[in-house]
Amino acid sequence: MSSSAAISKILVLNGPNLSRLDLRDQNYYGDLKYPQLVSYIEKCAIELKLNVDVRQSDDEAQLITWLHEAADQNLPIIFNPAAFTHYSYAIRDAVAMLKAPCIEVHLSNPLSREEFRHTSVISGVSTGTIAGFKEQSYKLALIAMKELI
Ligand code: DQA
């Protein structure tokens with residue numbers, strides 16, 4: 001593949017309530033509304049010559065269906081599971097089935113917040129975690145993913 005060609009598709013999955021960023025605490029999540037966050041991720045991907053497909057769902061089953069699709073198609077994942085991070089063993093089991101890298105991302109730094117956010121059931125089955133850089137967490141994950149794939 002030539003260096004100018006976009007390389008294989010990366011699924012960027014976002015979990016519950018991330019579509020409502022405009023109503024959430026900007027001190028944690030930054031000041032981008034969800035559509036602006038999607039545009040930011042797409043712009044970063046273009047700059048890095050990566051191909052992204054950015055999706056959001058509030059529904060655990062939908063996220064699991066997308067993870068199964070990624071496992072079947074060997075797609076790399078950048079994943080913000082949002083609150084599911086802290087308790088969804090079903091999502092953890094789906095991430096564990098992935099063959100390509102999965103980078104867990106968070107806009108905020110959950111370790112500096114309430115105690116229930118200190119547990120991630122996803123981290124142990126992810127390639128790595130990037131948290132606390134607001135929208136730039138996704139850019140850093142794309143840079144890391146480019147090295148991995
Ligand atoms: C989050 C952190 C989670 O604790 C929280 O439930 C979210 C967003 C983040 O991006 O910082 O919804 O994943």
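In short, a report on the structure. (Residues numbered from 1 in each chain as written. Predicted model: local features only at pLDDT ≥ 70, side-chain atom pairs only at ≥ 80, totals over all residues. Heavy atoms only, no water.)

Observations regarding the pattern of salt bridges
Formally: Salt bridge, as used here: a side-chain nitrogen of Lys or Arg that lies within 4 Å of a carboxyl oxygen of Asp or Glu. Here the term buried applies to any residue with accessible area under 20% of the maximum for its type, exposed to any over 50%, and partly exposed to those in between, with areas from a 1.4 Å probe on protein chains only.
Tallied over the entire structure, the rule returns six salt bridges. Across the pair D53 and R55 runs a salt bridge, and its minimum N-O distance is 2.8 Å. Of the charged contacts in the structure, one is a salt bridge between R117 and E114, with a shortest N-O distance of 2.7 Å. Judged by its relative accessible area of 36%, E114 is partly exposed. Linked through salt bridges whose partners overlap, the residues forming this network are K9, D53, R55 and E69.

Quick word on the site of the ligand
Test applied: Each residue is tested against the molecule or strand, and it is near if at least one of its non-hydrogen atoms lies within 4 Å. Under the rule applied, a polar contact is a pair of N or O atoms within 3.5 Å (in protein, one hydrogen donor and one hydrogen acceptor; residues adjacent in sequence only if both atoms are side-chain atoms). Every accessible area reported is derived by Shrake-Rupley at a probe size of 1.4 Å, with residue values counting cover from the shown protein chains alone. Amino acids are sorted into nonpolar (Ala, Val, Leu, Ile, Met, Phe, Trp, Tyr, Cys and Pro), charged (Asp, Glu, Lys and Arg) and polar (every other residue, Gly among them).
The ligand sits among R24, Y29, N80, A82, A83, H86, H106, L107, S108 and R117. Within the side chain of S108, one N or O atom sits 2.5 Å away from an oxygen atom of the ligand. Side-chain polar atom of R117 to an oxygen atom of the ligand: 2.9 Å apart, as the coordinates give it. Considering the ligand on its own, with 320 Å² of exposed area, one finds that the protein chains cover 99% of that surface. For the shell around the ligand, the per-class residue count stands at four nonpolar, four polar and two charged.

Some details on the packing of aromatic side chains
Applied cut-off: Two rings belonging to Phe, Tyr or Trp (six-membered ring only in the last case) form a pair when the distance between their centres is within 6.5 Å. Interplanar angles under 30 degrees mark stacking, angles over 60 mark edge-to-face geometry, and anything in between is tilted. Charge-over-ring contacts are defined here by two conditions on Lys NZ or Arg CZ: a distance within 6 Å of the ring centre and an angle within 35 degrees of the ring normal.
In this structure the tally under the stated criterion is two aromatic pairs. The lysine or arginine in question, R113, covers the ring of Y28, its NZ or CZ lying 3.7 Å from the ring centre.

Examining the packing of helix α2 (residues 34–47) against helix α5 (residues 136–148)
Filter applied, for reference: Interaxial angles span 0 to 180 degrees and are taken between N-to-C directions of axes, which are lines fitted to C-alpha atoms, for helices over the stretch in contact. Helix and strand assignments follow DSSP, with helices taken as H or I runs no shorter than four residues and strands as E runs no shorter than two, numbered in order from the N terminus. Here is the rule for angles: anything less than 35 degrees is roughly parallel, anything more than 145 is roughly antiparallel, 65 through 115 is roughly perpendicular, and the remaining ranges are oblique. Crossings are classed by handedness, with left-handed meaning an anticlockwise turn of the near helix from the far one by less than a right angle and right-handed meaning a clockwise turn. Every residue pair with non-hydrogen atoms within 4.5 Å of one another is taken to be in contact.
Between α2 and α5, whose axes approach to 10 Å, the crossing angle comes to 30°. Classified by the interaxial angle, the pair formed by α2 and α5 is roughly parallel. Of the two possible hands of crossing, α2 and α5 adopt the one that is right-handed. Residues L37, Y40, I41, C44 and A45 of α2 pack against Q136, Y138, K139 and L142 of α5. Its residues assigned to classes, the contact of α2 with α5 comprises seven nonpolar, one polar and one charged.

Examining α2
Let me state the cut-off plainly: A helix is expected to span 1.5 Å multiplied by its residue count minus one. The arc in question is traced by the directions running from the helix axis to the C-beta atoms.
When the terminal C-alpha atoms of α2 are compared, their 20 Å separation across 14 residues agrees well with the 20 Å that a helix rising 1.5 Å per residue should span. Among the residues making up α2, those that are buried are Y34, L37, V38, Y40, I41, C44 and A45. Seen end-on, α2 carries its buried residues on one side only, within an arc spanning 160°. Along α2, exposed side chains directed more than 90 degrees from the buried face belong to P35 and I46. Residue K49 follows α2 closely and has a positive phi angle near 60°.

Focus: a nonpolar patch on the surface
The test is simple: What makes a patch is a set of residues exposed beyond 30% relative accessible area and free of salt bridges, joined within 9 Å when like-charged and within 5 Å when nonpolar (Val, Leu, Ile, Met, Phe, Trp, Tyr).
A cluster of nonpolar residues, F133, L140 and I143, forms a patch on the protein surface that exposes about 260 Å² of accessible area. Note on placement: L140 falls in helix α5. For L140, a relative accessible area of 35% gives the class partly exposed.

What about the pairing of strand β4 (residues 102–106)?
As a reminder of what qualifies: By the convention used here, strands pair only if DSSP detects at least 2 bridges between them. When the strands point away from the viewer, a crossover counts as right-handed if the route from the first strand across the helix to the second turns clockwise.
With five of five residues buried, β4 is to be regarded as a mostly interior element. Bridge count between strand β3 (residues 77–80) and β4: three bridges; the pairing is parallel. Along β4, the bridge assignment pairs I77 with C102. Read from β3 through helix α4 (residues 89–96) to β4, the crossover connection turns out right-handed. Two strands pair when backbone bridges link them, and β4 and strand β5 (residues 128–131) are joined in this way by four bridges, in the parallel orientation. Each residue of the ladder has a partner; that of E104, found in β5, is T129.

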